[in-house]
Amino acid sequence: MTTTTTLIVPRSQHGRFAAHPRAIRDTRSAWLFIAPFGVFYLAFLFGPTIYMFVMSFFNTSTVRTGLGSFAGFANYAEMLSRPDFWSSLWHTLQFTIYTTPPLVVLAFLLAVLTNRARHGQWFYRLAFFLPFILPSATISLIWVFIFTPSTGLWAFTEQLFGITPGAGVLSDPNTAMIGIAIATLWWTLGFNFVLYLAGLQEVPRELYEAAAVDGATPWQQIWRITVPMLSRTTTLVILLQIIASLKIFDQVYLMTGGGPGISTQVSLQLITGTAFTDNRVGAASAASVLLFIVIIVIAVIRQLADRAAARKEF
């Protein structure tokens, strides 16, 4: 014979269920644990972001204290009328186009192949993720050495195929951004690879076994089972990759310095140059706000597209 215990929750005066004392204590404890992060978030992220918006309406400078004189929308009008602002924004979008598709597709394919490997999965996980833990300065030095004209590994490979090495990948305005994209691809592929590999661990093996019994080929299993099951992971990877690519700075600054000329100058490089070289923090803040708006718009469009695709499936 079994007995059941019924938990009676008292009602408040307004007819609603009153909160249990233990639940109240747990809630307070949770807020206490979150409080340190909240303080740092407000102090070092949310606060400076609000201050950036405020500075964008003033002639703030690094050589004067305070906000400076009120400029209104003059900083925004100046940035929108500067050709180098639009060129830097295009270079940022160009880098995003070069890097996002391969970083998503290659990460997915490598994760699928690694997940199907019967032996040595640890080695592939280590090999693909290891470059991601290296700092950007190290990655930049490695690839500057690879792309060195005449003596670099890239020039040596060209000689093996009978191609005469040119002035160098990073020295040509037409190929410099492609060289930076290749370096970034090698550097950050491991992060997306790990995300996909974690998602594959959640896909039940029984689905593949049942599909194999029904005569599905490996490609059909990937297309009909793996791709739909990893749709949320793909959405996350694409969104994170787009945002990361739009915030590109380190590789460009260390590998080309924005050159040759300004052929690889990206938005964040223009912003830092305006703020710390020209000492015009207000104008740089306006450029930062415009870049922030672009990132938000692209992220929202991507989310809306995913929701529309999900509704069509149902």
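Quick note: structure is the one above.
Residues numbered from 1 in each chain as written. Predicted model: local features only at pLDDT ≥ 70, side-chain atom pairs only at ≥ 80, totals over all residues. Heavy atoms only, no water.

1. A few points about the packing of helix α8 (residues 205-213) against helix α9 (residues 218-229)
A pair of packed helices is characterised by two quantities: the angle between their axes and the separation of those axes.
Okay, step 1: Put simply, α8 and α9 touch, their axes get as near as 10 Å, and they point 160 degrees apart. Comparing their axes, α9 and α8 come out roughly antiparallel. In this structure, α8 crosses over α9, and the sense of that crossing is right-handed. Counted together, Leu207, Tyr208, Ala211 and Ala212 of α8 and Gln221, Ile225, Thr226 and Met229 of α9 form the full contact between these two elements. (Axes fitted to C-alpha atoms, helices over the stretch in contact; angles between N-to-C directions. Helix = DSSP H or I, 4+ residues; strand = E, 2+ residues; numbered from the N terminus. Parallel < 35°, antiparallel > 145°, perpendicular 65-115°, else oblique. Left-handed = near helix turned anticlockwise from the far one by under 90°. Contact = heavy atoms within 4.5 Å.)

2. Some remarks on the layout of surface pockets
Okay, step 1: Empty space within the second largest pocket amounts to approximately 590 Å³.
Okay, step 2: Every residue lining the second largest pocket is counted, 23 residues in all, and those nearest its centre are Thr49, Met52, Leu268, Ser288 and Phe292.
Okay, step 3: Tallied by class, residues from the lining of the second largest pocket come to 17 nonpolar, five polar and one charged. (1 Å grid on protein atoms, 1.4 Å probe; cavity = no way out; pocket = protein on both sides within 12 Å on 5 of 7 lines; lining within 4 Å. Points joined across faces, edges and corners; volume = space filled by probe spheres on them. Nonpolar A, V, L, I, M, F, W, Y, C, P; charged D, E, K, R; others polar.)

3. Remarks on the pattern of salt bridges
Okay, step 1: Inspection of every chain in the model, using the stated rule, returns three salt bridges.
Okay, step 2: The closest approach of N and O atoms between Glu78 and Arg82, which form a salt bridge, is 3.7 Å.
Okay, step 3: Its relative accessible area of 23% is what places Glu78 among the partly exposed residues.
Okay, step 4: Of the charged contacts in the structure, one is a salt bridge between Asp84 and Arg82, with a shortest N-O distance of 2.7 Å.
Okay, step 5: In this structure, a network of salt bridges that share partners links the residues Glu78, Arg82, Asp84 and Arg280. (Salt bridge = Lys/Arg side-chain N within 4 Å of Asp/Glu carboxyl O. Buried < 20%, exposed > 50% of the residue type's maximum accessible area, 1.4 Å probe, protein only.)

4. Looking at the nonpolar core
Okay, step 1: In this structure, Met79, Phe85, Phe108, Ala111, Tyr196, Leu200 and Leu230 are the most contacted members of the largest nonpolar core, which totals 37 residues.
Okay, step 2: Those elements that place two or more of their residues in this core are α2 (74-81), α3 (83-116), α7 (176-200), α8, α9, α10 (231-246), α12 (267-277) and α13 (281-313).
Okay, step 3: The residues contacting Leu200, other than those within four sequence positions of it, are Ala111, Val112, Asn115, Tyr208, Thr226 and Leu230.
Okay, step 4: Ranked by size, the runner-up nonpolar core spans 16 residues in total, among them Phe95, Met177, Ile180 and Val252. (Core = buried A, V, L, I, M, F, W, Y, C linked by side-chain atoms within 4.5 Å.)

5. A few points about unusual backbone geometry
Okay, step 1: Cis geometry is found at the peptide bond from Gly259 to Pro260, where omega equals -5 degrees.
Okay, step 2: Counting through the fold element by element, Pro260 comes out in the loop between α11 (250-255) and α12.
Okay, step 3: If you check the backbone angles, Asn279 has positive phi at about 60 degrees while not being a glycine.
Okay, step 4: Structurally, Asn279 can be placed in the loop between α12 and α13.

6. A look at the environment of Leu89
Okay, step 1: Counting through the fold element by element, Leu89 comes out in helix α3.
Okay, step 2: Expressed as a C-alpha distance, the spacing of Leu89 and Leu291, which sit 202 residues apart in the sequence, is 8.0 Å.
Okay, step 3: Setting aside chain neighbours within four positions, we find Leu89 in contact with Ser267, Leu291 and Val294.

The quantities given are spatial measurements derived from coordinates; they are silent on function.
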